[in-house]
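Listed below are the residues making up each chain.
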Amino acid sequence: MCILCAQFCGGNFGEAGLKILVTGGAGFIGSALIRYLLERTDHDVVNVDKLSYSGSRATLSAINNSPRHLFEQQDICDGDALERIFASQRPDAVMHLAAESHVDRSIDRPADFIQSNIVGTYQLLETALAYFRASDEKARKRFRFHHISTDEVYGALAPEGPAFTETTAYAPNSPYAASKAASDHLVHAWHRTYGLPVVLSNCSNNYGPFQFPEKLIPLCILKAIRGEPIPVYGRGENVRDWLFVEDHAEALYRVLSDGRIGERYNVGGDCELSNLELVKKLCAVLDEQRPDDPVVPHSKLITYVTDRPGHDFRYAIDAGKIQNELGWRPTTDFEPGLHKTVSWYLDNLEWCRTVTQGEYAGERLGLRD
Ligand code: NAD
Ligand code: TDX
């Protein structure tokens, strides 16, 4: 029984006060994971993030004052820097989230995705393996490398096709998905070939606080409150499976704690919505919370725009394995999760302004003041 988190996992990762190296902890999901680790466990966190356009000190502000959180601004492609961090911090586990994460951007600038997602994962694996091999037996037994990935590696589903399982063949379509698929394969190979103790998870679309406003939900919120067109690609018929980010953070910790070495776990919200359904729900929440906006009802702003090239029609996750093996289930239903998310953005417009002032963000999204 895990003495630390018995109520959550009953697991075997489990000594108190371990040190977890999280990559990408200044981003959306990484920062939610760190908040979870600091609030719900007593592990220490070393956060390695290069602060790309989507990672921000403003996102870290909620966690930076914890003595259990150490921030290292570093690029995971820098092997020397990683070696120094592993040697000085001696982590008990790695949770690897650092990545370029936006599909549209991968279509415009794929090189960054090859570099961070593939080369960066390779560097991290090499550093972790050298560190693992040089560790004593007790540390090696405990060590885990958890690679955080996406459902997009499985490609697109037909409208009525069965949801993705852990044995669905990889068929990535966008440069982003291809780079994540490549990184998943590297992680698997480092386990099979070199014996690195890895676990993998592949999750569906996350939503919640601190998501960079290039992604559908925060982008639509910011456009809608300004009375600007809400861009819906194609006819809005594409389907995504939505999961509240705090549920993902808990799933990640369960996989780290209790997941079987070498296994992958699909994580999803069992909440399939077409983009148009989702945007209409979002507009209805905004109508309640912002009745005095320039254009109300906000749904009047929905505008069909040119589709994303190679746009995957549908994603859906079969989360049976993580539910049955690890007892994880999402706890936040979509409607309350969406209300929470909208309220957070409306209360944190200053954060939105800060993170969209960067080189890429404001111009491409049309969100600069
Ligand atoms: P994000 O873009 O919000 O955050 C990514 C973070 O990684 C940023 O803080 C960025 O600065 C950092 N980063 C990028 N390249 C780096 C590098 N070379 N070195 C160090 N740091 C670097 O992304 P997110 O939505 O939080 O996604 C986190 C992870 O989860 C990604 O691996 C993504 O593929 C995966 N994922 C995301 C979703 C989703 O819906 N957002 C779903 C499933 C899986
Ligand atoms: O302006 C928009 N209009 C629109 O119709 C944007 C930004 C998106 N869309 C559509 C495209 C998708 O079908 O909405 C859907 C969601 O788009 P994104 O928020 O860009 O997410 P998606 O492409 O599905 O990928 C996300 O989920 C899986 C994350 O960005 C990935 O990192 C994650 O792996």
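You'll find the structure just up there.
The present account deals with the structure reproduced in this document. Remember, predicted model here, so these are calculated numbers, not experimental data.

### A look at the pattern of salt bridges
Alright, step 1. A complete count under the given rule lists 19 salt bridges for this structure.
Alright, step 2. For Glu-228, the salt bridge goes to Lys-223, with nearest N and O atoms at 3.8 Å.
Alright, step 3. Glu-228 gets classed as partly exposed once you look at its relative accessible area, which sits at 24%.
Alright, step 4. Take Lys-223: its relative accessible area is 11%, and that puts it in the buried class.
Alright, step 5. Between Glu-335 and Lys-281 there is a salt bridge; the shortest N-O distance is 2.8 Å. Residue Glu-335 is located in helix α12 (residues 334-347), and its partner Lys-281 is located in helix α10 (residues 275-289); the two are separated by 54 residues in the primary sequence.
Alright, step 6. Ionic contacts of the salt-bridge type, sharing partners, join the residues Glu-100, Arg-105, Arg-109 and Asp-112 into one network.

### Structural notes on the sheet that holds strand β3 (residues 69-73)
Alright, step 1. Strand order in the open sheet made by the 7 strands is β3-β2-β1-β4-β5-β6-β10, with parallel pairing throughout. Only two strands of the sheet have a single partner each, and these edge strands are β3 and β10 (264-267). With direction set aside, neighbouring strand axes in the sheet form an average angle of 20 degrees.
Alright, step 2. Summarising the sheet, strand β6 (residues 198-203) and β10 pair through 4 bridges and their orientation is parallel. Looking across to β10, one finds that Leu-200 is bridged to Arg-264.
Alright, step 3. Most of the contacts of helix α9 (residues 245-258) go to strand β5 (residues 144-150), to which it runs at about 145 degrees, and overall it touches β1 (19-23), β4 (93-96), β5, β6 and β10.

### Regarding the side chain of Glu-100
Alright, step 1. With respect to the helices and strands, the residue Glu-100 is situated in the loop between β4 and α4 (103-108).
Alright, step 2. Its relative accessible area of 6% is what places Glu-100 among the buried residues.
Alright, step 3. Here Arg-105 takes part through its side chain, which lies 2.6 Å from a polar atom of the side chain of Glu-100.

### Examining the site of ligand 2
Alright, step 1. Around ligand 2, the structure places 19 residues, and the nearest of them are Thr-150, Glu-152, Tyr-176, Arg-308 and His-311.
Alright, step 2. At a separation of 2.9 Å, an oxygen atom of ligand 2 approaches a polar side-chain atom of Arg-240.
Alright, step 3. The separation between an oxygen atom of ligand 2 and a polar side-chain atom of Arg-308 is 2.6 Å.
Alright, step 4. Protein burial of ligand 2: of its 650 Å² of free accessible surface, 94% is covered by the chains.
Alright, step 5. Elements that contribute at least two residues to the shell around ligand 2 include exactly α4, α8 (216-225) and β8 (230-233).
Alright, step 6. Looking at which element gives the most residues to the shell around ligand 2, the answer is β8, with 3 residues.
Alright, step 7. Its residues assigned to classes, the shell around ligand 2 shows 7 nonpolar, 6 polar and 6 charged.

Reading the values: the criteria
- Residues numbered from 1 in each chain as written.
- Chains lettered and ligands numbered in written order.
- Predicted model: local features only at pLDDT ≥ 70, side-chain atom pairs only at ≥ 80, totals over all residues.
- Heavy atoms only, no water.
- Salt bridge = Lys/Arg side-chain N within 4 Å of Asp/Glu carboxyl O.
- Buried < 20%, exposed > 50% of the residue type's maximum accessible area, 1.4 Å probe, protein only.
- Helix = DSSP H or I, 4+ residues; strand = E, 2+ residues; numbered from the N terminus.
- Pairing = 2+ DSSP bridges.
- Axes fitted to C-alpha atoms, helices over the stretch in contact; angles between N-to-C directions.
- Contact = heavy atoms within 4.5 Å.
- Polar contact = N/O pair within 3.5 Å; in protein donor to acceptor, adjacent residues only side chain to side chain.
- Near = heavy atom within 4 Å.
- Areas by Shrake-Rupley, 256 points an atom, 1.4 Å probe, with all protein chains shown as cover.
- Nonpolar A, V, L, I, M, F, W, Y, C, P; charged D, E, K, R; others polar.

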